[in-house]
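Chain residues, written in single-letter form:
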Amino acid sequence: MIKLDIEKSFKGTSSLWEMALSCNWDLGRIIGISGPSGAGKSTLLRIIAGLEQPDQGHIMIDNQVWYDSTSSINTPAGKRNIGFVFQDYALFPNMTVQQNLLFAQKVKDIRLVNELIEVMEMEAWRDIKPQLLSGGQQQRVALARAIAMKPDLLLLDEPFSALDPALRDRLLGYLKMLHQKYRMTIFLVSHDLDSLTKVSDQLLFLDNGKVTSQQNSPFTPIKTKRCLAKLIKINASEDHSAFVFEFEGERIELKLPANLPIKWQIGDNIELPYG
Amino acid sequence: MLWNPILLSLKLALITTIILFAISIPLSYWLSKSSSKLKPILEAIIALPLVLPPTVLGFYLLLAFSPQSSLGTWVHSWFGMDLLFSFPGLVIGSCLYSLPFMVQPLQSGFLSIPKSLMEAARLMDKDFFTVLFRVLLPNMKSAVLSGLILTFAHTMGEFGVVLMIGGNIPNQTKVASIAIYDEVESLNYALANQYAMILVALSFVTLLVVYTFNGGYFKQQSR
């Protein structure tokens, strides 16, 4: 469980901006955060990461205190085991893609680096420096680098803002797949509600430093039952593959990005979230 | 005989550049990050040699290094040497005189590194020296190169400070620029010309290196 109860204020040009948040989240989920510009979304991520300090309050993760103003505890950012995907990607320009991933690791694990490069289809640019890559490619490297750290928490700050819809969906597919594979808690900040609802288990809406709404995503209910559904049809298009399942006489359609390495075949019984 | 002043100038420039590089890294890093009220005062002091006549700096160093001064007395009693009219004194004078030529490009270089790179390294739990040598310095190569070359070239051409605190002692303080002055005083224009040509060639090559490597410092200054 992540428990966060914080207050922070900033002096603006004409007024005082105050943030006051009190939230609890289960571990292992994807939490989507949205809200207008200046709502405090990025600040919340930076406070969780330890890059900024609240004025008062506490942050606990899995019974470990990361920040407590009353007992002056503030775990340094480097000790929180957090993967952070910055808006500008923050890839080290002097290092190749592989070197960026290896540098991020506290204990070098070339096997994981190779796996991430393969899973995220980055083999062709393994030895290329980031400046030579497109925005979408850099985004994938930044995501892979954050995961190469084997983080407990993965924080993504507006990662899809500069991407076209097709590329955005592709990266959302990667994110979902990586989340299922490595089971980490993900905080995803985005203006794009459509993207958030596609991947998030919970949605948090902020405005002016306060939570205005907190709800479960309509697409992935919190208390998920699982069922074995039979794949009866695949409708493939350029961007998406629509998988049609049947369970107890009911049809369930699951749309996924076309390029995900899914090897389901008609007639397979697949475990799906249900309810 | 011809090459001794040139070699002494090269030795002085090399030692000064190495010392200033080591001193200027922490100093310029602090200046690039700090919002202290002391920062503008320190920046003004560092930049003073850019605007002061070298003889003014040389005059105060002459007073400070003299055996009657407390610094001169302390250095003599602890290290058994005099700073005045000696090579170590020239090194100290050169370091003070060329300090802005190293600090300012490095400070611009540190400022050019995006904050997020530092934060990413912080989240990876990297210590300061790892960040400095693996992330910061490799990503500000043009600033480092500008600092090294400018300091080296500026020290090579130093005259006023050297004349005030070093004098004209062969193999100790008679650097190339002093040798030119000395030969002109003796009306030996041919030898003066040879020294001058060598200095022109060296200065041209060093500046050519900076511009060839797209010197970030000059580029930033001209924006």
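Position numbers for residues start from 1 in each chain and track the written sequence from start to end. By the order in which they are written, chains take letters starting at A while ligands take numbers starting at 1. Where totals are concerned, whole chains, interfaces and linings use all residues; where local detail is concerned, this predicted model gives features only for residues with pLDDT of at least 70, and gives and counts side-chain atom pairs only at 80 or more. Side-chain descriptors were evaluated using all non-hydrogen atoms of the structure, hydrogens and water having been removed beforehand.

Looking at an unreviewed UniProt entry, chain B carries the name Molybdenum transport system permease, with the source organism given as Echinicola pacifica. UniProt positions are given in the numbering used here, feature names are shortened, and annotations may be inferred rather than shown by experiment. You can read under Function (unreviewed entry) in the UniProt record for chain B the words "Part of the binding-protein-dependent transport system for molybdenum; probably responsible for the translocation of the substrate across the membrane." You can read under Subcellular location (unreviewed entry) in the UniProt record for chain B the words "Cell membrane".

Identification of chain A as GTPase from Echinicola pacifica is taken from an unreviewed UniProt entry.

**Some words on the environment of B:Ser32**
Residue and element names in this part refer to chain B. Where helices and strands are cited, they refer to DSSP runs of H or I of at least four residues and of E of at least two residues respectively, numbered from the N terminus. Within the secondary structure, Ser32 sits in helix H1 (residues 3-33). What makes two residues a contact is simply this: any of their non-hydrogen atoms within 4.5 Å. Those residues within four positions of Ser32 in sequence are excluded, and the remaining contacts are Gln107, Phe110 and Leu111. The term polar contact refers here to a pair of N or O atoms within 3.5 Å; inside protein, the definition further demands a hydrogen-donor-capable atom paired with an acceptor-capable atom, and it admits residues adjacent in sequence only when both atoms are side-chain atoms. Within polar-contact distance, the side chain of Ser32 engages the backbone oxygen of Tyr29 at 2.7 Å.

**Describing the UniProt feature "domain: ABC transmembrane type-1" (unreviewed entry) in chain B**
The UniProt record annotates "domain: ABC transmembrane type-1" (unreviewed entry) at residues 6-210 of chain B. Structurally, residues 6-210 of chain B is divided into 79% helix and 0% strand, and its ends, taken at the C-alpha atoms, are 22 Å apart.

**Description of empty space enclosed by the protein**
Residues are said to line a cavity or pocket when one of their atoms sits within 4 Å of a point; the points come from a 1 Å grid over protein atoms alone, cavities being sets where a 1.4 Å probe fits but cannot get out and pockets being open sets with protein on both sides within 12 Å along at least five of seven lines. Grid points are joined across faces, edges and corners, and a volume is the space filled by probe spheres set on the points. This model, assessed by the stated rule, comprises three cavities of 30 Å³ or more. Taken as a whole, the largest cavity spans an internal volume of roughly 50 Å³. Taken together, A:Ile82, A:Gly83, A:Phe84, A:Phe86, A:Ala142, A:Arg145, A:Ala146, A:Met149, B:Ala120, B:Leu123 and B:Met124 make up the full set of residues lining the largest cavity. Those elements giving two or more residues to the lining of the largest cavity turn out to be strand S7 (82-85) and helix H4 (135-148) of chain A together with helix H6 (115-123) of chain B. Classifying every residue of the lining of the largest cavity by side-chain character gives nine nonpolar, one polar and one charged. All amino acids are sorted into three groups, where Ala, Val, Leu, Ile, Met, Phe, Trp, Tyr, Cys and Pro are nonpolar, Asp, Glu, Lys and Arg are charged, and the leftover types, Gly among them, are polar.

**Topic: the packing of helix H2 (residues 97-104) of chain A against H4(A)**
Residue and element names in this part refer to chain A. To obtain an axis, a line is fitted to C-alpha atoms, over the contacting stretch when the element is a helix, and the angle between two such axes runs from 0 to 180 degrees between their N-to-C directions. Two numbers describe how H2 lies on H4: the axes approach to 8 Å, and their chain directions differ by 30 degrees. Considering the angle they form, H2 stands roughly parallel to H4. Here the hand of the crossing between H2 and H4 comes out right-handed. Contact residues: H2 offers Val97, Asn100, Leu101 and Ala104, while H4 offers Val141, Ala144, Arg145 and Ala148. The class makeup of the residues in the contact of H2 with H4 is six nonpolar, one polar and one charged. For classification purposes, an angle smaller than 35 degrees is called roughly parallel, one larger than 145 roughly antiparallel, one from 65 to 115 roughly perpendicular, and anything else oblique. We call a crossing left-handed when the near helix sits turned anticlockwise from the far one by less than a right angle, and right-handed when that turn is clockwise.

**Describing the side chain of A:Glu158**
Residue and element names in this part refer to chain A. Tracing the backbone shows Glu158 in the loop between strand S8 (153-157) and helix H5 (165-182). Comment: no salt bridge for buried Glu158; closest opposite-charge side chain is Lys41, at 4.5 Å. Within the structure, Glu158 has its side chain in polar contact with the side chain of His191 (distance 2.7 Å). Setting aside chain neighbours within four positions, we find Glu158 in contact with Lys41, Gln87, Val189, Ser190 and His191. Each residue gets one of three labels from its accessible area relative to the maximum for its type: buried under 20%, exposed over 50%, partly exposed in between, using a 1.4 Å probe on protein chains only. For the charge count, each Lys or Arg is scored as positive and each Asp or Glu as negative, with His and the chain ends excluded. The rule for a salt bridge is simple: a side-chain nitrogen of Lys or Arg has to be within 4 Å of a carboxyl oxygen of Asp or Glu.

**Focus on a nonpolar patch on the surface**
Residues and elements named next belong to chain B. Candidates for patches are residues over 30% relative accessible area with no salt bridge; among them, like charges are joined within 9 Å and nonpolar side chains (Val, Leu, Ile, Met, Phe, Trp, Tyr) within 5 Å. The Shrake-Rupley method, run with a 1.4 Å probe sphere, supplies the accessible areas, and residue values consider only the shown protein chains as cover. On the surface, Leu71, Trp74, Trp78, Phe79 and Met81 cluster together into a nonpolar patch covering about 570 Å² of accessible area. Turning to its location among the elements, Trp78 is positioned in helix H4 (residues 70-79). Accessibility expressed as a relative area gives 63% for Trp78, which makes it exposed.

**Thoughts on the sheet that holds strand S2 (residues 16-25) of chain A**
Residues and elements named next belong to chain A. For two strands to be treated as a pair, DSSP must find at least two bridges joining them. With respect to topology, five strands assemble into an open sheet ordered S2-S1-S4-S5-S6, the strand pairing being antiparallel. Looking at which strands have only one partner, the edges of the open sheet turn out to be S2 and strand S6 (73-74). As defined by bridge partners, strand S1 (residues 2-11) adjoins S2 across ten bridges and the pair is classed as antiparallel. Each residue of the ladder has a partner; that of Phe10, found in S2, is Trp17.

**Looking at the interface of chain A and chain B**
Across the boundary between the two partners, chain A contributes 24 residues, which contact 17 residues of chain B. Counting each side, the surface lost to burial between chain A and chain B is near 1700 Å², with a carbon and sulfur contribution of 61%. Three residues, A:Phe92, A:Asn94 and A:Phe103, lead the burial of chain A against chain B; their summed loss comes to 31% of the area buried on that side. Taken together, the links from chain A to chain B amount to two salt bridges. We note a salt bridge from A:Arg46 to B:Glu119, for which the minimum N-O separation is 2.5 Å. Accessible surface is computed with a 1.4 Å probe, and the buried area is the amount of it that two parts give up when combined, taken over both parts together.

**A word on the nonpolar core**
We call a set of buried Ala, Val, Leu, Ile, Met, Phe, Trp, Tyr and Cys residues a nonpolar core when their side-chain atoms join them within 4.5 Å. In this structure, A:Ile33, A:Leu44, A:Ile48, A:Phe92, A:Leu153, A:Leu155 and A:Phe187 are the most contacted members of the largest nonpolar core, which totals 81 residues. Residue contributions to this core peak at ten residues, all from helix H5 (residues 87-112) of chain B. Residues in contact with A:Ile33, not counting those within four places in the same chain, are A:Lys41, A:Leu44, A:Leu45, A:Phe187, A:Leu188, A:Val189, A:Ser190, A:Leu196, A:Leu204 and A:Leu206. Judged by nonpolar contacts, the second largest core, of 40 residues, contains A:Val113, A:Leu163, A:Met184 and A:Leu196.

**Structural notes on the domain arrangement of chain A**
The source of the domain bounds is an automatic or database domain assignment. The assigned domain composition of chain A is domain 1 (2-216) and domain 2 (225-274). For domain 1 of chain A and domain 2 of chain A, the distance between their C-alpha centroids amounts to 29 Å.

**What about helix H3 (residues 110-119) of chain A?**
Residue and element names in this part refer to chain A. Listing the buried residues of H3 in full gives Leu112, Val113, Leu116, Ile117 and Val119. Each element contacted by the buried residues of H3 is listed here: H2, H4 and H5. The positive-phi residue at the C-terminal boundary of H3 is Glu121, with phi of around 50 degrees.

**Things to note about the pattern of salt bridges**
For the coordinates displayed, the defined rule picks out ten salt bridges over all chains. Note that B:Lys115 is salt-bridged to B:Glu119, the shortest N-O span being 3.8 Å. Of the two residues, B:Lys115 and B:Glu119 are both situated in helix H6; the distance of four residues between them amounts to about one turn of the helix. Judged by relative accessible area, which is 57%, B:Lys115 ranks as exposed. Among the residues examined, B:Glu119 registers a relative accessible area of 6% and is labelled buried. Of the charged contacts in the structure, one is a salt bridge between B:Asp182 and B:Lys174, with a shortest N-O distance of 3.2 Å. Overlapping salt bridges, with partners in common, bring together A:Arg46, A:Glu52, B:Lys115 and B:Glu119 in one network.

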